[in-house]
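# Observations on the three-dimensional arrangement
These are the residues of each chain, in order.
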Amino acid sequence: MVADPAMRAVSTAFPALCAVSLTLPFAAGWLIGGTWRTALAALLWAGLVRVAVLQHVTWSVNSLCHVFGSRPFATRRHDRTTNLWPLALVSFGESWHNMHHSDPACARHGADRGQVDISAAVIRIFERLGWATNVHWPTPARLDSRRRGPGRGEPEPTLQPGGRRTGQASASRLSPRPADGDRIR
Ligand SMILES: [Zn+2]
């Protein structure tokens, strides 16, 4: 990510983005209401409270989605991530967290029928506009290869060429990249 010029630009612009993100609500409150009181109220609710809610949704995904919910997809050993539907809308699809940890490179986390994933919809639009390329979308075969089922629970320990018994071989096949690079954590 450090090598990506776009990511570096976003990182550099972060302080300015924060300022704009708080100044805009303040300005809107001032323009609409015309008083300090309305400007500060808009800053509070559309600025500070909005940021606080966003942060708590992020933290909820990384706490609740490791405790409550379903685990339809295989993940690495000791990875207890879950899919938690009540958070799907407010987390823009991030709460399909079990799927995300099972296949971190996949653009859609809510890959099963009826699972709302707003982030995936945005990526799809960006792809149509030509702003996103080489997007990894789930296919039925790709999903099925990761799905847990009878006899397909935790990755079984396998014997590696060196003779060391470990569960890492099959686990790393399921997670080509470490899930710790989560966009939302
Ligand atoms: Zn996580």
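Small disclaimer: the values here were computed from a predicted structure and weren't measured. (Residues numbered from 1 in each chain as written. Predicted model: local features only at pLDDT ≥ 70, side-chain atom pairs only at ≥ 80, totals over all residues.)

## Overview of the overall build of the chain
We count it as follows: In this text, helices come from DSSP runs of H or I with a minimum length of four residues, and strands from runs of E with a minimum of two, each type numbered from the N-terminal end. Partly exposed residues are those falling between the two cut-offs: more than 12 but fewer than 20 other C-beta atoms within 10 Å of their own, whereas 20 or more means buried and 12 or fewer means exposed, with C-beta atoms placed from the backbone. The contact criterion used is a C-beta to C-beta distance within 7 Å, with each C-beta placed from the backbone.
Across its full length, the chain carries 7 helices and 2 strands. Here the chain holds 185 residues, and the buried ones make up 21% of them. Counted over contacts in the chain with a minimum sequence separation of 6, partners at least 24 positions apart contribute 46%.

## Topic: the nonpolar core
Filter applied, for reference: Structurally, a nonpolar core is described as a collection of buried Ala, Val, Leu, Ile, Met, Phe, Trp, Tyr and Cys residues joined by way of C-beta atoms within 7 Å.
Counting residues in hydrophobic clusters, the biggest one holds 10 residues: Val-61, Cys-65, Phe-73, Ala-74, Leu-84, Leu-87, Ala-88, Trp-96, Met-99 and Ala-111. Beyond its immediate sequence surroundings of up to four residues, Cys-65 is in contact with Thr-81, Thr-82, Leu-84, Ser-95 and His-97.

## As for the confidence of the model for the chain
Quick reminder of the rule: Confidence of the predictor in every single residue is expressed as pLDDT, which spans 0 to 100.
Averaged over the chain, the pLDDT score is 85; the fraction of residues at 70 or greater is 81%. With pLDDT under 50 throughout, residues 155-185 is counted as low confidence; its partners more than four residues away or in other chains account for 37 contacts.

## Description of the packing of helix 2 (residues 14-33) against helix 3 (residues 36-63)
A packed helix pair is summarised by two numbers, namely the angle formed by the two axes and the spacing between the axes. What counts here: Angular values range over 0 to 180 degrees, each being the angle between N-to-C directions of two axes fitted as lines to C-alpha atoms, with helices fitted over their stretch in contact. For this classification, under 35 degrees means roughly parallel, over 145 means roughly antiparallel, 65 to 115 means roughly perpendicular, and everything else is oblique. It is the rotation of the near helix from the far one that decides the hand of a crossing: anticlockwise by less than a right angle makes it left-handed, clockwise makes it right-handed. Classes in brief: Ala, Val, Leu, Ile, Met, Phe, Trp, Tyr, Cys and Pro nonpolar; Asp, Glu, Lys and Arg charged; the others, Gly included, polar.
At their nearest, the axes of helix 2 and helix 3 sit 7 Å apart, and the two run at 140° to each other. Compared by their axis directions, helix 2 and helix 3 come out oblique. Along this stretch, helix 2 crosses helix 3, giving a crossing that reads as right-handed. The segment helix 2 lies against helix 3, with Ser-21, Leu-22, Pro-25, Phe-26, Ala-28, Gly-29, Trp-30, Ile-32 and Gly-33 engaging Thr-38, Ala-39, Ala-41, Ala-42, Leu-43, Ala-46 and Gly-47. Each residue belonging to the contact of helix 2 with helix 3 can be placed in one class, and the counts come to 11 nonpolar, 5 polar and no charged.

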